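# Coordinate analysis (summary)
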Amino acid sequence: MNVIETIKRILTDCELMDEFNGIHVDYTESQAGTAGLYSNGASKIGEDIIGNPIYQMNFQLYTGLHAAIDFDRLQNSDFLLNLTYYLNSLKGVPITETVNGQEYAGEITKVTCSNALLYSVPTGDLNDGVTYQIQISATYGIELE
C-alpha cells in the first residue's frame, strides 16, 4: 500500500473513527457520521545517508459531526485531540511506493497533526451537523538504493 492508502487504513482501523461510516478519499458530506481524507501531494524534503528520498505528504481529514450544544462541541474537540495523540505516536509503518513503474519498500517515520478545528457549518444551523478538519502530515522514506 502506498502512503495514501496506508494513512486511510490507519484511520479506518483506529477505534476513534468507529462512529464514521467509512472514510472516503477526496470526498465527504457535511452530515454527521461521514469522513473524507484529502491528499495534497508529496514534497521531497531530503535524502537519507545513502541517497534515498525522504518525502512529506500532507492531508486534510474532514469529519461530519453533531455540534448542536456545547457538550457536543467539547466531545468533538476531545476527539480531534485524541486523534492527534494517536497519529503522532505512529512510527515505522511500512509502505510500498511505485516509482517510474517499479515498486519499492518504504516506511512512514513520522506523522504530525495541526489545525484541528471547526471547518464549516453548512446550513448555518448547528443541528444539521458540521464539518471539522484536521491537517495530517506523513514523513516517509523510499528505499530506492
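Above this text you will find the structure in question.
Residues numbered from 1 in each chain as written. Predicted model: local features only at pLDDT ≥ 70, side-chain atom pairs only at ≥ 80, totals over all residues. Heavy atoms only, no water.

### Considerations on the sheet that holds strand β2 (residues 35-47)
- Taken in spatial order, the six strands make up an open sheet running β1-β2-β3-β6-β5-β4, and their pairing is mixed. At either end of the open sheet lies a strand with only one pairing partner, and these are β1 (24-25) and β4 (93-99).
- Inspection of the sheet shows β2 paired to strand β3 (residues 53-65) by 10 bridges, in the antiparallel sense. By the bridge assignment, Leu 37 is partnered in β3 with Leu 61.
- With respect to the sheet, helix α1 (residues 3-13) is in contact with β1, β2, β3, β4, β5 (102-120) and β6 (130-142), its orientation differing from that of β4 by roughly 150°. (Pairing = 2+ DSSP bridges. Helix = DSSP H or I, 4+ residues; strand = E, 2+ residues; numbered from the N terminus. Contact = heavy atoms within 4.5 Å. Axes fitted to C-alpha atoms, helices over the stretch in contact; angles between N-to-C directions.)

### Looking at the pattern of salt bridges
- Considering all chains together, one arrives at three salt bridges under this definition.
- Among the ionic pairs, Asp 13 bridges to Arg 9, the shortest N-O distance being 3.7 Å. With Asp 13 and Arg 9 both in helix α1, this residue pair falls four residues apart, about one helical turn.
- Looking at Arg 9, the relative accessible area reads 32%, which means it is partly exposed. (Salt bridge = Lys/Arg side-chain N within 4 Å of Asp/Glu carboxyl O. Buried < 20%, exposed > 50% of the residue type's maximum accessible area, 1.4 Å probe, protein only.)

### Quick look at the pairing of β5
- Pairing analysis gives seven bridges linking β4 to β5, with the strands arranged antiparallel. Residue pairing across strands places Thr 98 opposite Glu 103, the latter belonging to β5.
- The turn joining β4 and β5, which pair antiparallel and follow one another in sequence, is formed by two residues; a positive phi near 50° is taken by Asn 100.

### Let's talk about the packing of aromatic side chains
- What the rule picks out here adds up to four aromatic pairs.
- Aromatic side chains Tyr 38 and Tyr 62 sit 5.2 Å apart centroid to centroid with 80° between the ring planes, which places their arrangement in the edge-to-face category. One end of the pair, Tyr 38, is in strand β2; the other, Tyr 62, is in strand β3, with 24 residues separating them in the sequence.
- With 5.7 Å between their ring centres and 25° between their planes, Tyr 55 and Tyr 140 make a pair best called stacked. Here Tyr 55, found in strand β3, pairs with Tyr 140, found in strand β6; they are 85 residues apart in sequence, far enough to count as distant.
- Taking the relative accessible area as the measure of exposure, Tyr 55 reaches 22% and is therefore partly exposed. (Phe/Tyr/Trp six-rings, centres within 6.5 Å; stacked < 30°, edge-to-face > 60°.)

### Focus on the environment of Asn 58
- With respect to the helices, strands and loops of the structure, Asn 58 is situated in strand β3.
- Of the residues examined, Asn 58 reaches a relative accessible area of 25% and is grouped as partly exposed.
- Taking the C-alpha atoms as reference points, Asn 58 and Ile 69, separated by 11 residues in sequence, lie 31 Å from one another.
- Dropping the residues within four chain positions of it, Asn 58 is found in contact with Tyr 38, Ser 39, Asn 40, Gly 41, Ile 136 and Ser 137.
- A distance of 2.5 Å separates polar atoms of two side chains, one belonging to Asn 58 and the other to Ser 137. (Polar contact = N/O pair within 3.5 Å; in protein donor to acceptor, adjacent residues only side chain to side chain.)

### Thoughts on the pairing of β3
- Count of turn residues in the β2/β3 antiparallel hairpin: five residues, of which Gly 51 carries a positive phi of about 95°.
- As paired strands, β3 and β6 are joined by 12 bridges and run antiparallel to one another. Of the residues in β6, the one forming a bridge with Leu 61 is Ile 134.

Just geometry here; none of it tells us what the structure is for.
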